[in-house]
Amino acid sequence: MSQDQNTNDVCEACGTIVELGSVIAEDDTVLVLPFSGEDKASVEQLAQKYIDAAKERFPEVVATTEESSDTDGEHIKLALAFECTAEKLIFEMGLSSIK
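Quick look at the structure, then. (Residues numbered from 1 in each chain as written. Predicted model: local features only at pLDDT ≥ 70, side-chain atom pairs only at ≥ 80, totals over all residues. Heavy atoms only, no water.)

1. What about the pattern of salt bridges?
Then, number 1: Applying the stated rule across the entire model yields 3 salt bridges.
Then, number 2: In this structure, the salt-bridge partner of glutamate 44 is lysine 40, at a minimum N-O distance of 4.0 Å. Placement of both glutamate 44 and lysine 40 in helix H2 (residues 40-57) is noted, with a separation of 4 residues, approximately one turn of the helix.
Then, number 3: When its relative accessible area of 33% is taken as the criterion, glutamate 44 is described as partly exposed.
Then, number 4: The partly exposed category is assigned to lysine 40, whose relative accessible area is 42%. (Salt bridge = Lys/Arg side-chain N within 4 Å of Asp/Glu carboxyl O. Helix = DSSP H or I, 4+ residues; strand = E, 2+ residues; numbered from the N terminus. Buried < 20%, exposed > 50% of the residue type's maximum accessible area, 1.4 Å probe, protein only.)

2. Looking at the nonpolar core
Then, number 1: Judged by nonpolar contacts, the single largest core of 17 residues is most densely connected at Leu33, Leu80, Phe82 and Phe91.
Then, number 2: Only strand E3 (30-37), H2 and strand E5 (73-81) provide two or more residues apiece to this core.
Then, number 3: For this core, the leading source of residues is H2, giving 5 residues. (Core = buried A, V, L, I, M, F, W, Y, C linked by side-chain atoms within 4.5 Å.)

What follows is the structure, given as structure tokens:
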């Protein structure tokens, strides 16, 4: 049975209805995580924990950071570029275990 490429399947397995195509996109490989704190060293240390965790699980991940500061403190925007969407999703599901 063939299906039109633009048609989304609907999942009702967990009691909610979700159009799978709207949740998982083939080219959704970049995860952006914002970090903020009072001092630059602690913000950098926290961002580095996430970089290390990503590289431990997915060695080919590319990490880039964008630093800024304002009256609220120091900020780092970390972008993790994974090789595929599945890697990004797997890493996202494990974010709560990073200490």
